[in-house]
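# An overview of the molecular structure
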Amino acid sequence: MDQIQHPEPPEKGVSTTVPAPLRAIQERVYACIQCGTCTGSCPNAFAMDYTPRAMWRLVLMGEKETLFNSRTFLLCSACYYCTLRCPRGLPLTETMEELKQIAARENHPVHKKSVLFYRNFLESVRRHGRVREMEFMTLYFLSLKNPFTPLQFTPLGLRLMGKGKVGIQVPSKGQRRLEALFRKAEELEEQE
Amino acid sequence: MNRKNGKALVVGAGISGIRAALDLAEFGYGVTLIDRASHAGGLLSQLDYQFPNNHCGMCKMLPLIERDTASQYCLRKGFFHENIQMLLSTELLSVDGEPGHFQVSLKQKQNWVDPDLCMGCGLCTEVCPVEVPDAFNAGLSKRKAIYLPIPHAIPNPYVIDFAACTLCGECEKVCPTHAIRLSEQERKKFRILVVDDELVVRDSLKELLEEEGFFVNMAESGTQALEILSGSETPYHLMLADIKMPGMDGVELLQKTKERFQDTTVIMMTAYATVETAVEAMKIGALDYLIKPFEPDTLIPMILRVYEDFETAGALQAEFGAIVLTGGTAYYDPGTGKNTLGYGVYPNVMTSIEFERLFSGSGPSQGRLIRFDGKPIRKVAWLQCIGSRDIQLEADFCSNICCMYAVKEALIAKEKAADDLEASILYMDMRTFGKSFQRYRDEAEQVHGVRFIRGRAHSITQDRSSGDLLIRYGDSGGKIHEMVQDAVILSVGQRPAAGSRVLADMLNLPLNPWGFFESLPFSPTRTVRDGVFIGGSFSGLKDISESVIHASAAALSASRIIHASGGGLAIQAPPDSETLDVSREAPRLLLALCTCDGAIFDESGKRALRAHFESDPAVDRVEFLEQVCTAQGWSAFSERVKKHRPNRVLIGACLPYVYNAKLNALSREIGLSRALMDVADIRSPLFCAADASREEVDAAVKRALGMGIAKLKETDPTPLPSTPVRQRALVVGGGIAGMTAALAVADHGYPVDLVEQEAALGGNLHWIRKTIEGNETQSLLEETVARVEKHPNIQVYAGHHVAGAWGEVGQFFTSIEAGDGAVTTIEHGVTILATGGIEAKTKSYGHGTSEAVVTQKELEEKLTEGRIEPAALQSVVMIQCVDSREEPRNYCSRVCCASALKHALFLKEKNPSIKITILYRDLMAYGFLESYYTRARAADILFVQYDVKNKPSVVQEEGGLLVKVHEPILDAPVEIEADLVVLATGIVPTLPEPLAEAFGAHLDPDGFFREAESKWRPVDALKEGVFACGIAHSPRSITESIATAEAAAQRSLRILNQQALPASKVTAVVRHSLCILCERCIDACPYGARDFDLDHTQIRVNPLMCQGCGSCVTACLNGASVLEGFEKQQMLDVIDAALL
């Protein structure tokens, strides 16, 4: 396998001030001994700019900037291999999830697309209790506010339609049966 | 042999137990050495090779002085010593009483094979129909239900595996000596009463138990059961009682039975619904319960346990002055964890122990590296930290030895495969923290090409068709690698020995959080219970050298208690009755032949033998005796000896080693040198040739006896010289090690001179405040100094240094010089070097040019004095391995990682906002220190690993320091601003070479004391009578230094305990008239026993140091070097007799 290219080596080493949300993340992985079991286990490591071990290293070093410029945690597919195999018993998958949350909250430009993707996905679920692919796509493309993006996906979309995987659907308000659930979740998030 | 009053109990006969027992026995105490296994030697009996020389060498632990009191063959086969009683298959039941007077009861498991009768012919295994996995070969091969636990042990009686034996009785039929008493008659004596209202249950139980050979009776109700119990003359041993019965129920029956027949064991039988009642029943005396319907697999073992207890009913009671626990450790079973790494599923994934067996000559493939499918093993990977350093497995510790055994196994595998083997070790930190470990590892990598890969594999997959194994791991830089291996070895870590908890509860001793025995602060061996000590790996896994040191230290502590309670008094005044000088007499040999109840000779055979041997003028008499091995036989024999007063004695019997102690006693009694007495084995020839004719057997017996006679006839009868001993010790160095050693010797009543060059005692303890565990060192220092200064047997020479010394074991003369030039000469019998060491000086990383760059020691001092204020610090960087672990100081100083962790945790505690970064190469948080490493990480201390080829740099800038280091995981340079940089420079010894050489000791390449044998004689110099401890020996912590000091003291005591030490019967001498002074023998002697005597211009042999190996004889060109007992003419005569 090829050496994974790092975007930019961190400019400055250990920063002395660490913002609060990252602090909580650090505390979860302090006991890490950098053995690399997580990297070796991760099925998506090949696609990551920083391998999981390197990412935990960035977390421990307080490299917020580099960390949130990386897409590593977004590529976590929550297979739980690393959590299962970590000799220190660290909650790695959960912590990846939290990193996603922080990235979403902070509206980091690098992760804008991913965040919009998640949001629109959930919006569709909120409306119908399940995802409606075409509606979800439409919402997603609209939110990107870039008329050329849908064109990039046209060949794929056509192939999927040909196989009957996606059908034409008009976005609708839906029955919103899950509304209460979503609201409650939002309330809880706000309380935090 | 000097014998003393006291007795000690040593529990566990592994390497530590053997060391502790030998130490105590050599000092003169009686020792009972027990082990629950049916063999001695523990784990080491399975291991053939040990680093650093990849050989064994365990025999070097045997007594070097007064060798004749002990066996002198391979120690892995077993051993005996006059003062040691070895009880195998024995467990410790209870301990009562006070230190010095413990009342102990022991339980010895009965064996169905009588060890005194078993000759080891092996006919029984040929007929045994049962095959089970052989634990000796770690399950890699099969054995029978009757088997030899260790194939090479001496004595080596067969034992029967209770669990596997089907009681078919075939072995009993073929045993020629009737040693096996498996017969059903034995089990028939065990009487069982089955009480149940259901006929089906009663009948099936009766059938099942009768099949097992027991006597079974039945009752259908409680009333009937009581009638049977009271009506029977012989008691019932076991009652199986149902709970729910009409009329009297099971619980009532139990109550009534317990009232009237206390000796009857009761087991309840219950349906699932009444389990709670059964549990209640256990409170009023039931042993256990069985849930119906029960399987024979659960029923039979339970019954067998009760039966075993019945067999071993009589526990042994004895009084001991002290108890040493050397129970060893167990190993992690990878099959039990969450992640088994394919162990138990893929046949080519094995544990390190299994691999040791695989390459052993006595292993399943006779030492060839082949897999089960016959494929040669040519690519092997070791995975480290299996079951260690794993919080998920609740194993927040390092197992200490796995790194080194993996390197050793890799090297031996390479050697076995004639270098055509690829060995890789996947590790997290290579913990080469012991003496000489780092060089061994480097040589493995650089010279032998072992691949060291920093990485941790998470799983192993098997190629189904080839059986090869695929490992996937990520390297430091995040690159993923896959490697295909023929075999993968799991370097399994330690677990507490089975039964630790039960033993701890019984003795009321605390265990640490991981279940290992805990010792007191600053003592590796003392426990909260005075008089009970722990040695070896019982308190956590140790390599052989450390185990041996800790065992000797435990022996010392035990010895102290025994001595204090009056056990040090000799029960027999040495020396013994004058040895007769028979050198001017012609040989008059008494040949005593054991007839073994007529099994060896018939009448005509006796006549023929008598006629044959009496024709030899050297043979005075030939006597036939019945069973010399029994007490009666022996007294008949000794009567003949006393009556006829022969000057040579030869016994013809079986198992020669049985007679050693008895002959020694007889030798002392009648004054005939032990060298003139021997035993010839005349029984083995009978068994070796089962189908031989009577004539052939007679001839073989004749040859065996003829050889024995030839050897004795020519033995030089000159009495053995003895060496006078000045019973006084010199300790050089008054640090904690020197003081501990001095106190240990002085507490045994021998005077000690303690020489310290500084004005005050204490050494390094003056600047250390606390250990990482939080123990105060200053109170230790004050207490120890006070004890030393007040001790009537210790003379302290502070402000003195050793000016010169000469002499040998038993008699050294040392001149010590005071500051003002005044010289005092001290006479002493032994020397203990405790000259210590200091923190190494450095100029690296700008040390000396900036106040902000300090060493770990300077940090500790400045923190103590308040010159560094933690509150004022923002960022601290610690750099480990400064000038260490690379040439020329290529060794690990062992304590620096712990100091760094200690100081980092201290700073964090005082000021949590300090950013602390530790730059390390391999973090040596060995043993239970690992938990502090975890703690340090949890306290937000950042650890950055660096490579020796790419060291960090420190730049002094305005307003602070800038540390630059390459961060391997990000594979990027990192800069850290720091206001303090702390360097771990390691330890250098302060043992001047001239000082060591004055006593005849030598230094290793790093200036530390060179041991005679790093594993087996870890505190001895090659030259007898000189010992080292503390940092002079090797870098170590305070507690570890104390252990070496106690070990060195214990080793000295075995010399100090007598006014004169006799030479052993096999000792080399020089015929000066033939000697041309070529000095080849001096180089050849592996014990350093020879030197050139300048005063007399001749080669001199120290009879105490000579071990009778014969190397000098083979090296000598002129036949001037002669080994007593193996002289040329003697050996030629023996060969002649053998060829008769």
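Parameters and conventions
- Residues numbered from 1 in each chain as written.
- Chains lettered and ligands numbered in written order.
- Predicted model: local features only at pLDDT ≥ 70, side-chain atom pairs only at ≥ 80, totals over all residues.
- Heavy atoms only, no water.
- Helix = DSSP H or I, 4+ residues; strand = E, 2+ residues; numbered from the N terminus.
- Buried < 20%, exposed > 50% of the residue type's maximum accessible area, 1.4 Å probe, protein only.
- Areas by Shrake-Rupley, 256 points an atom, 1.4 Å probe, with all protein chains shown as cover.
- Domains from an automatic or database assignment.
- Buried area = accessible area lost by both parts, 1.4 Å probe.
- Salt bridge = Lys/Arg side-chain N within 4 Å of Asp/Glu carboxyl O.
- Polar contact = N/O pair within 3.5 Å; in protein donor to acceptor, adjacent residues only side chain to side chain.
- Nonpolar A, V, L, I, M, F, W, Y, C, P; charged D, E, K, R; others polar.
- Contact = heavy atoms within 4.5 Å.
- Pairing = 2+ DSSP bridges.
- Axes fitted to C-alpha atoms, helices over the stretch in contact; angles between N-to-C directions.
- Phe/Tyr/Trp six-rings, centres within 6.5 Å; stacked < 30°, edge-to-face > 60°.
- Right-handed = clockwise from strand over helix to strand, strands pointing away.
- Parallel < 35°, antiparallel > 145°, perpendicular 65-115°, else oblique.
- Left-handed = near helix turned anticlockwise from the far one by under 90°.
- Core = buried A, V, L, I, M, F, W, Y, C linked by side-chain atoms within 4.5 Å.
- Arc of directions from axis to C-beta.
- Expected span 1.5 Å × (residues − 1).

## Quick word on the overall build of chain A
Per the secondary structure count, chain A includes ten helices and zero strands. Shown N-terminal to C-terminal, the secondary structure of chain A runs as helices and strands in the order α-α-α-α-α-α-α-α-α-α. Going through the 192 residues of chain A one by one, you find that 45% of them count as buried. Just so you have it, chain A exposes about 10,900 Å², and 57% of that area is on carbon and sulfur atoms.

## Comments concerning the domain arrangement of chain A
All names here are of chain A. Once the domains are mapped, chain A shows domain 1 (20-106) and domain 2 (111-191). Computed over C-alpha atoms, the centres of domain 1 and domain 2 are 27 Å apart. Between domain 1 and domain 2, a total of about 500 Å² is buried, with carbon and sulfur atoms accounting for 54% of that surface. When the area that domain 1 buries against domain 2 is broken down by residue, the three leading residues are Leu-74, Ala-103 and Ala-104, summing to 62%. Where domain 1 packs against domain 2, one counts zero salt bridges. In this assembly, domain 1 and domain 2 are joined by two residue pairs in polar contact (both at pLDDT 80 or more). The element contributing the most residues to the side of domain 1 that touches domain 2 is helix 6 (residues 92-105), with three residues. Taken together, the residues of the side of domain 1 that touches domain 2 break down into five nonpolar, one polar and two charged.

## Some words on the pattern of salt bridges
Scanning the entire structure with this criterion turns up 75 salt bridges over all chains. For the salt bridge of Asp-373 of chain B with Arg-371 of chain B, the shortest nitrogen-to-oxygen distance reads 2.8 Å. With relative accessibility at 5%, the residue Arg-371 of chain B sits in the buried group. In this structure, Asp-753 of chain B and Arg-728 of chain B form a salt bridge, with 2.8 Å as the shortest nitrogen-oxygen distance. You can see Asp-753 of chain B sitting in strand 34 (residues 752-756) and its partner Arg-728 of chain B sitting in the loop between strand 32 (722-724) and strand 33 (729-732), a full 25 residues away along the chain. Among the residues examined, Asp-753 of chain B registers a relative accessible area of 0% and is labelled buried. The exposure class of Arg-728 of chain B is partly exposed, given its relative accessible area of 21%. In the salt-bridge network here, residues are joined through shared partners; they are Arg-88 of chain A together with Arg-389, Asp-429, Arg-431, Arg-454, Arg-885, Asp-922 and Glu-930 of chain B.

## Section: the side chain of Ser-559 of chain B
Within the secondary structure, Ser-559 of chain B sits in helix 14 (residues 544-567). Once residues lying within four places of it in the same chain are set aside, the contact partners of Ser-559 of chain B are Leu-24, Phe-27, Tyr-29, His-748 and Gln-1050 of chain B.

## Looking at the sheet that holds strand 24 (residues 480-485) of chain B
Residues and elements named next belong to chain B. Taken in spatial order, the three strands line up as 22-23-24 in an open sheet, and their pairing is antiparallel. Edge strands, defined here as strands with exactly one partner in the open sheet, are strand 22 (460-462) and strand 24. Adjacent strand axes in the sheet meet at a mean angle of 25 degrees, parallel and antiparallel pairs treated alike. For strand 22 and strand 23 (residues 469-474), the ladder comprises three bridges, and the chain directions are antiparallel. Counterpart to Gln-462 in the pairing with strand 23 is Leu-469.

## As for the packing of aromatic side chains
Residue and element names in this part refer to chain A. A full pass over the atoms with the stated rule returns 33 aromatic pairs over all chains. Seen in terms of ring centroids, Phe-136 and Tyr-140 are 6.4 Å apart; in terms of plane orientation they differ by 35 degrees. Their pairing is tilted. Of this pair, Phe-136 and Tyr-140 both sit in helix 8 (residues 133-144), four residues apart, which is roughly one turn of that helix. According to the relative accessible area criterion, Tyr-140 is buried, its value standing at 9%.

## Describing the environment of Ala-225 of chain B
All names here are of chain B. Among the structural elements, Ala-225 can be located in helix 6 (residues 222-231). Spatially, the C-alpha atoms of Ala-225 and Asp-196 are 9.5 Å apart, while their sequence positions differ by 29 residues. In contact with Ala-225, not counting residues within four places along its chain, are Leu-193, Val-195, Ala-219 and Leu-253.

## Focus: the pairing of strand 21 (residues 451-454) of chain B
All names here are of chain B. Two strands pair when backbone bridges link them, and strand 20 (residues 422-427) and strand 21 are joined in this way by four bridges, in the parallel orientation. Looking across to strand 21, one finds that Ser-424 is bridged to Arg-451. Following the backbone out of strand 20, through helix 12 (residues 437-446) and into the adjacent parallel strand 21, one traces a crossover that is right-handed.

## Observations concerning the packing of helix 14 of chain B against helix 26 (residues 1038-1056) of chain B
Residue and element names in this part refer to chain B. Where helix 14 meets helix 26, the axes come as close as 7 Å, and the angle between the chain directions of the two elements is 65 degrees. Classified by the angle their axes make, helix 14 and helix 26 are roughly perpendicular. Seen from above, helix 14 lies across helix 26 with left-handed handedness. Taken together, the residues of helix 26 that come into contact with helix 14 (itself represented by Ile-549, His-550, Ser-552, Ala-553, Ala-555, Leu-556, Ser-557, Ser-559 and Arg-560) are Ala-1043, Thr-1044, Glu-1046, Ala-1047, Ala-1049, Gln-1050, Arg-1051 and Leu-1053.

## Re unusual backbone geometry
Most peptide bonds adopt trans geometry, and most residues besides glycine take a negative phi value. All names here are of chain B. Cis geometry marks the peptide bond from Phe-51 to Pro-52, where omega comes out at 5 degrees. You can see Pro-52 is positioned in the loop between strand 2 (30-35) and strand 3 (84-88). Cis geometry marks the peptide bond from Lys-292 to Pro-293, where omega comes out at -5 degrees. In this structure, Tyr-845 takes a positive phi of about 55 degrees despite not being glycine. Relative to the assigned elements, Tyr-845 resides in the loop between strand 40 (837-839) and strand 41 (853-855). For Tyr-845, a relative accessible area of 14% corresponds to the buried category.

## A word on the nonpolar core
Residues Leu-24 and Val-745 of chain B are the most contacted members of the largest nonpolar core, which totals 96 residues. With eleven residues, helix 14 of chain B is the largest single contributor of residues to this core. Beyond its immediate stretch of four places on either side in the chain, Leu-24 of chain B contacts Ala-8, Val-10, Tyr-29, Val-31, Val-324, Ala-555, Ala-558, Ser-559 and Gln-1050 of chain B. By size, the runner-up hydrophobic cluster in this structure holds 51 residues, among which are Ala-103 of chain A together with Ala-852, Leu-919 and Val-965 of chain B.

## Some thoughts on helix 8 (residues 275-283) of chain B
All names here are of chain B. Within helix 8, the full set of buried residues consists of Val-275, Ala-278 and Ala-281. Projection of helix 8 onto a plane perpendicular to its axis shows the buried side chains occupying an angular sector of 110 degrees, all on one side. Those residues of helix 8 that are exposed and angled more than 90 degrees off the buried face are Glu-276 and Lys-283. At its buried positions, helix 8 is contacted by helix 7 (250-260), strand 13 (265-270) and strand 14 (288-291). Remark: Gly-285 follows helix 8 within two positions and exhibits a positive phi of approximately 125 degrees.

## Describing the sheet that holds strand 13 of chain B
All names here are of chain B. Spatially, the five strands line up as an open sheet ordered 11-10-12-13-14, and their pairing is parallel. In this open sheet, the two edge strands, each paired with only one partner strand, are strand 11 (215-219) and strand 14. Neighbouring strand axes in the sheet, compared pairwise and without regard to direction, differ in orientation by 20 degrees on average. Pairing of strand 13 with strand 14, which is carried by four bridges, proceeds in the parallel orientation. When the sheet's bridge partners are listed, Ile-267 is paired in strand 14 with Asp-288. Along the sheet, helix 6 contacts strand 10 (191-195), strand 11 and strand 12 (238-242); its crossing angle with strand 11, the most-contacted strand, is approximately 135 degrees. This element, helix 9 (residues 296-311), spans strand 10, strand 12, strand 13 and strand 14 of the sheet and lies at about 165 degrees to strand 14.

## Notes on the interface of chain A and chain B
On the side of chain B, 41 residues touch chain A, which itself brings 38 residues to the contact. For the pair chain A and chain B, the two sides together bury roughly 3,400 Å², of which 55% comes from carbon and sulfur. The partner of Arg-57 of chain A in a salt bridge is Glu-967 of chain B, with the nearest N and O atoms 2.8 Å apart. Where chain A touches chain B, the interface holds 18 residue pairs in polar contact (both at pLDDT 80 or more). Contributions of two or more residues to the side of chain A that touches chain B are made by helix 2 (37-41), helix 3 (52-60) and helix 5 (81-85) of chain A. Looking at the side of chain A that touches chain B element by element, the count peaks at five residues for helix 3 of chain A. Along the lines of polarity and charge, the residues of the side of chain A that touches chain B split into 19 nonpolar, 13 polar and six charged.

## Side note on helix 15 (residues 603-614) of chain B
Residues and elements named next belong to chain B. With twelve residues, helix 15 ought to run about 16 Å at 1.5 Å a step, and its terminal C-alpha atoms sit 16 Å apart, in line with that. Every buried residue of helix 15 is listed here: Gly-605, Lys-606, Leu-609 and Phe-613. Looking down the long axis of helix 15, one finds its buried residues gathered within 100 degrees of arc, a one-sided arrangement. Facing away from the buried surface of helix 15 by more than 90 degrees, the exposed residues are Arg-607 and Ala-611. Looking at the packing, one finds that the buried side of helix 15 touches strand 28 (589-594), strand 29 (619-625) and helix 19 (694-713).

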